[in-house]
Amino acid sequence: MTRYIEGFRKMDAASHFRTTLAEQGRQLAEQGRSIHLMEVCGSHTMAIARFGIRDFLPAAISLVSGPGCPVCVTDPGYIDAAITLAGQGKIIATFGDMLRVPGSRTSLAEARAAGGRVEVCYSPLTAIELARNHPETEVVFLAVGFETTIAPVVAMLDAVIRQAIDNVSLLTAFKRVPPALSALIADPEIQIDGLLCPAHVSAIIGADAYRPYAEQYGVACVVAGFEPLDILYGLQGLTQQLLENRPHVDNQYGRVVKAEGNRQAQRLMEHYLLPADASWRGLGTIPASGLVLRPEFARFDAVHRHGILPTPGRINPRCQCGEVLKGKIRPAQCPLFGVACHPDKPLGPCMVSSEGSCAADFKYARGGA
Amino acid sequence: MNDCVLLGHGGGGRLSHQLIEQEIVARFGQGPLQTLPDAATLELDSRRICFTTDSFVVHPLEFPGGNIGDLAVHGTVNDLAVSGARPRWLSLGLILEEGLPLATLRRVLDSVQRAAEQCEVAVVTGDTKVVRRGQCDGLYINTSGIGEAIPGFALSLSRVGLGDCILVSGPLGDHGAAVLSAREGFQMQNGPLSDSRPVHRLVQSVADLAADIRFMRDPTRGGLATVLNEMTAGQSYGIRIRARDLPFSPGTNALAEMLGLDLLHVASEGCLVLLCAESVAAAILARWQALPEGVDARAIGRVTDQAGRVILETAIGGQRVVDVPSGELLPRIC
Amino acid sequence: MQIVAIAENGTGTVDLDGTRYPVELMLIEDPQIGDYVLIHAGYAIEKLDIAEADARLALFESLAEIYRQETGLPVTLAAPPRQREAV
Ligand code: SF4
């Protein structure tokens, strides 16, 4: 198995890409061009930082981080709602990244310190375990994430229903990647020439989902895996498409991603969920960019079940997360970066999640910033 | 409830006496503890001693590869060892939660006893308190340790020079990974195994090379990244390490892949990081590799002129800054 | 990760280098023992197409070879390290 991990982390092949990317950079410079590529997904952001991939890019190719970190785009009002539920004695089951995201006033970590029951899960299945072990208590699972995470959460809900467990509900803030990308690409203020399309999200939604960006907007698209050689090859492929003025969707991650995606997961998601408008921290409301439970499953919706009314909440007005998420500025250009806002005391969500652009830049590239 | 710790076990009466006699004196009563004096009287051979203390609050109490008992011995023994001392004596402070199964307590104390024997240290004084249910998490341990300085060691970062080598004695991150997987109930087979073990023999094996050893640390909380950053903070030099030279165990690697952990941030409890002159690096590695706790020893990097910076050369030949972790170790999503 | 067992309730066990752990399989079609899968949050979310993966590895290896020839580095693959390398 090691072969399928380490085979994609080899130095010599990476050095080859260093050479070809440098050559592409020269060609771009000759044409007087510089290009902006966006890595859509937080896991790409992490891998790029962790393996030092920026190092391989010539000046003419710049790489900006996209909106693909689920906790980064979650509204503070959502955190507030979770804290309210914790205050009512419910068990909050959550992925670890959400713990330190600032709500309007406090975070879930602070709610836990104040006595709230907040349990960190690696898998949504933990919610089922918690529900079984505490039959007298309501368990609320914080259902955030993109398509990759939505599928497992819905599978968990499916198991809850099949096993007739009646004390689990979801506080949903599911987000879909394509509508957010459409909004970004349609924004004239934002220059995106190419998209490094997510690996795992694409496994669910399929590579065809990106065709409109190439066909209608002339944006180069490469679906790439999360291993460093995949990323380097993807960046080279994007640049080549742009050099040749031939933008299209190139699925370089064919070992996992099909054109149509994972039908089984899609069917399950359609069975339980409906598209709805969703609010993205920093980006505002984007039509049909969320997924909510269908009305017939309302009793598993924490909002209905516990009668709460989430509000948008209050963002620290000085935080530039919106600009960072849109790729308009690099984190280091935020005046608070590393000064008032620090991984130990994050002001904005981008500094919280290990995949948030600000945290990733702070952690791995601080010296260069 | 006879097989549980009761509040009365800490009350100073008959129950207390029984607990101390049966569980403590029975295990540690060969030396000064035999007659339970108020203080241990110790004979020193050396004029320079090292003295340290540490508290242990690990959850769960038992994890793959160890438990809180051996951890409490190794933690303190290792703090003495990396200071260039030969560990001699330990104190053992126990805080027990009412309701703790006596069987658990016995397993933990057995581990303390075994670990102390292996480390050639004597538990010479101690204390036991019982708190109400809910006031502690099963069992906490504090150990203090006294060691005698080994002549020749003059450990100081001020002696570090360009080109000096950084060595590690074994795989990184095993302890933190084992505790995390046990705490989260990942049900892994051949998953991470704690490396809770003493490093005093590793230190003693290189005592004759002490003059060229600049610094030693065990990368516990915060992992290797934290130790390397401590070594370079405010200094005129930096450190550069290479990813391909870092040793990791397969089970720990599997957990890191599964959760997206950066193993440079994960604790070890039986690993030694050593900074030395290049001239003795090979000799130190050879000595270590001859010991079971040092078979995976490696040279992982060098001292550079990039003041205060810790740089990692990644597997693919890129570079990045190695920063200290923030907050608790959590599984992440997406 | 490779599926090495599938229990009656549909839960699978996967292996990575000898380390094994449980994984839910309901998001993939027709899981079989021996399949390599991609895992997210405790669920297998897609199968790995081995032929594609091998072809891609071969491509990367040929690019590495080109690099070694161009730079005159010895055309040998480094001996596998005793421990697995990773970051
Ligand atoms: S550095 Fe902090 S305040 Fe600035 S954009 Fe990032 S998260 Fe927001």
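No experiment lies behind these values; they were computed from the predicted model shown.

**Q** I keep staring at the overall build of chain A and nothing clicks. Help me out?
**A** If you tally the helices and strands in chain A, you get 15 helices and 11 strands. For 369 residues, the compact-globule estimate of 2.2 N^0.38 gives 21 Å, and the C-alpha radius of gyration of chain A, at 21 Å, lies within 12% of that figure. C-alpha extents for chain A along the principal axes are approximately 70 × 45 × 40 Å. Taking all 369 residues of chain A together, 64% fall into the buried category. Residue pairs in contact within chain A that sit at least 24 positions apart in sequence constitute 77% of those at least 6 positions apart. Split by element, the accessible area of chain A, about 12,900 Å² in all, is 50% carbon and sulfur. Counting 35 positive and 35 negative side-chain charges, chain A places the centres of these two groups 3 Å from one another.

**Q** Teacher, can you tell me more about unusual backbone geometry here?
**A** Residues apart from glycine generally show negative phi values, whereas peptide bonds are mostly found in trans. Cis geometry is found at the peptide bond from His59(B) to Pro60(B), where omega equals 0°. Relative to the helices and strands, Pro60(B) resides in the loop between β1 (49-56) and β2 (62-63). In this model, Ala288(A) sits at a positive phi of 55°, which is unusual for a non-glycine residue. Among the secondary structure elements, Ala288(A) is positioned in strand β11 (residues 284-293). You will see that Glu120(B), though not glycine, has its phi angle at about 55°, which is positive.

**Q** It is not clear to me how the interface of chain A and chain C should be interpreted in this structure. Could you clarify?
**A** You'll often see interface size given as the accessible area lost when the parts meet. At the junction of the two partners, chain A supplies 48 residues and chain C supplies 39 residues. Here chain A packs against chain C, burying approximately 3,800 Å² in sum over the two surfaces, 63% of which is carbon and sulfur. For the pair chain A and chain C, the interface holds four salt bridges. A salt bridge links Arg267(A) to Glu29(C); its shortest N-O distance comes to 3.7 Å. Between the two partners, chain A and chain C, sit 14 residue pairs in polar contact (both at pLDDT 80 or more). When contributions to the side of chain A that touches chain C are tallied by element, the ones reaching two or more residues are α1 (3-6), α2 (11-30), α7 (147-162), α9 (200-205), α11 (228-243) and α12 (263-272) of chain A. It is α7(A) that contributes the most residues to the side of chain A that touches chain C, eight residues altogether.

**Q** What exactly am I supposed to notice about the pairing of strand β2 (residues 12-16) of chain C here?
**A** One face of the sheet, then the other: side chains in a regular strand alternate in exactly this way. Residues and elements named next belong to chain C. The buried count for β2 comes to four of five residues, which makes it a mostly enclosed element. Judged from the four bridges that link them, strand β1 (residues 2-6) and β2 form a sheet pairing that is antiparallel. By the bridge assignment for β2, Gln2 is matched with Asp15. Where β2 lies against strand β3 (residues 19-23), five bridges are found, and the strand directions are antiparallel. Bridging across to β3, Gly12 finds its partner in Val23. What sits between β2 and β3 in their antiparallel hairpin is a turn of two residues, with Asp17 showing a positive phi close to 55°.

**Q** Can you walk me through the domain arrangement of chain A in this structure?
**A** Residue and element names in this part refer to chain A. Looking at the assigned domains, one finds that chain A contains domain 1 (1-317) and domain 2 (321-365). Taken over C-alpha atoms, the centre of domain 1 sits 17 Å from the centre of domain 2. Counting residues at the interface gives 31 residues for domain 1 and 23 residues for domain 2. In this assembly, domain 1 packs against domain 2 so that about 2,200 Å² is buried in total across both faces, 61% of it on carbon and sulfur atoms. Three residues stand out in domain 1 for area buried against domain 2, namely Met46, Cys72 and Arg100, and they jointly supply 25% of the buried area on that side.

**Q** Whenever I open this one, the packing of aromatic side chains confuses me. Can you help?
**A** Here a ring pair, both rings aromatic, is described through the centre-centre distance and the interplanar angle of the planes. Tallying each qualifying case throughout the model produces 11 aromatic pairs over all chains. Between Phe17(A) and Phe60(C), the ring centres sit 5.9 Å apart and the planes meet at 85°, which makes this aromatic pair edge-to-face. Here Phe17(A), found in helix α2, pairs with Phe60(C), found in helix α1 (residues 50-71), and the two come from separate chains. When its relative accessible area of 2% is taken as the criterion, Phe60(C) is described as buried. Pairing Tyr210(A) with Tyr213(A) gives two aromatic rings, centres 6.4 Å apart and planes at 45°, and the pair type is tilted. The pair Tyr210(A) / Tyr213(A) is uniform in exposure class, with both members buried. A connected cluster of aromatic rings, assembled from ring pairs, spans Phe8(A), Phe17(A), Tyr233(A) and Phe60(C). Here the guanidinium or amino end of Arg18(A) rests over the ring plane of Phe56(A), the centre of that ring lying 4.0 Å away. Directly above the ring of Trp280(A) sits Lys175(A), whose terminal nitrogen or CZ lies 5.8 Å from the centroid.

**Q** For this particular structure, what's the right way to read the site of the ligand?
**A** Residue and element names in this part refer to chain A. Taken together, Cys319, Gln320, Cys321, Val324, Cys334, Leu336, Phe337, Cys341, Gly348, Cys350, Met351 and Cys358 make up the full set of residues adjacent to the ligand. If you map the ligand onto the pockets, it falls in the second largest cavity. When grouped by side-chain class, the residues that make up the shell around the ligand number 10 nonpolar, two polar and no charged.

**Q** Would you explain the packing of α7(A) against α12(A) in this entry?
**A** The axes of two packed helices give the description: the angle between them and the distance between them. Residues and elements named next belong to chain A. It is the contact of α7 with α12, at a shortest axis distance of 9 Å, that shows an interaxial angle of 65°. Handedness of the crossing formed by α7 with α12: left-handed. Taking contact as the criterion, the partners of Glu147, Ile150, Ala151, Val154, Ala155, Leu157, Asp158 and Ile161 in α7 are, on α12, Ala265, Leu268, Met269 and Tyr272. Looking at the contact of α7 with α12 residue by residue, the classes come out as 10 nonpolar, no polar and two charged.

**Q** Teacher, can you tell me more about the interface of chain B and chain A here?
**A** The partner chain A presents 38 residues to the 28 residues of chain B that form the contact. Inspection of the region where chain B meets chain A yields one salt bridge. Put simply, chain B and chain A have five residue pairs in polar contact (both at pLDDT 80 or more) between them. Breaking the side of chain B that touches chain A down by element, the ones donating at least two residues are α7 (250-259) and β13 (319-321) of chain B. Considered class by class, the residues forming the side of chain B that touches chain A number 11 nonpolar, seven polar and 10 charged.

**Q** Got a minute to help me understand the sheet that holds β2(C) in this structure?
**A** Sheet strands pair by backbone hydrogen bonding; their relative direction is either parallel or antiparallel. Within the open sheet, the three strands sit side by side as β1-β2-β3 (chain C). Their pairing is antiparallel. Strand pairing shows two members of the sheet lacking a second neighbour, β1 and β3 of chain C, which therefore form its edges. Sheet twist, expressed as the average angle between the axes of neighbouring strands with direction ignored, equals 30°. Against the sheet, α7(B) touches β2 and β3 of chain C, its axis set at about 30° to β3(C).

**Q** What is the right way to look at helix α6 (residues 125-133) of chain A in this model?
**A** An α-helix turns once per 3.6 residues; consequently, residues spaced three or four apart project the same way. Residue and element names in this part refer to chain A. Turning to α6, its buried residues number three or more, namely Ala127, Ile128, Leu130 and Ala131. Viewed along the axis of α6, the buried residues span an arc of 165°, placing them on a single side of the element. Next to the buried residues of α6 lie β3 (91-95), β4 (118-121), β5 (139-145), α7 and β6 (168-175).

Procedures and definitions
- Residues numbered from 1 in each chain as written.
- Chains lettered and ligands numbered in written order.
- Predicted model: local features only at pLDDT ≥ 70, side-chain atom pairs only at ≥ 80, totals over all residues.
- Heavy atoms only, no water.
- Helix = DSSP H or I, 4+ residues; strand = E, 2+ residues; numbered from the N terminus.
- Rg over C-alpha atoms; globule rule 2.2 N^0.38 Å.
- Buried < 20%, exposed > 50% of the residue type's maximum accessible area, 1.4 Å probe, protein only.
- Contact = heavy atoms within 4.5 Å.
- Areas by Shrake-Rupley, 256 points an atom, 1.4 Å probe, with all protein chains shown as cover.
- Lys, Arg positive; Asp, Glu negative; His and termini not counted.
- Charge placed at Lys NZ, Arg CZ, Asp CG, Glu CD.
- Buried area = accessible area lost by both parts, 1.4 Å probe.
- Salt bridge = Lys/Arg side-chain N within 4 Å of Asp/Glu carboxyl O.
- Polar contact = N/O pair within 3.5 Å; in protein donor to acceptor, adjacent residues only side chain to side chain.
- Pairing = 2+ DSSP bridges.
- Domains from an automatic or database assignment.
- Phe/Tyr/Trp six-rings, centres within 6.5 Å; stacked < 30°, edge-to-face > 60°.
- Lys NZ or Arg CZ within 6 Å of the ring centre and 35° of its normal.
- Near = heavy atom within 4 Å.
- 1 Å grid on protein atoms, 1.4 Å probe; cavity = no way out; pocket = protein on both sides within 12 Å on 5 of 7 lines; lining within 4 Å.
- Sits in = over half its atoms within 2 Å of the grid points.
- Nonpolar A, V, L, I, M, F, W, Y, C, P; charged D, E, K, R; others polar.
- Axes fitted to C-alpha atoms, helices over the stretch in contact; angles between N-to-C directions.
- Left-handed = near helix turned anticlockwise from the far one by under 90°.
- Arc of directions from axis to C-beta.

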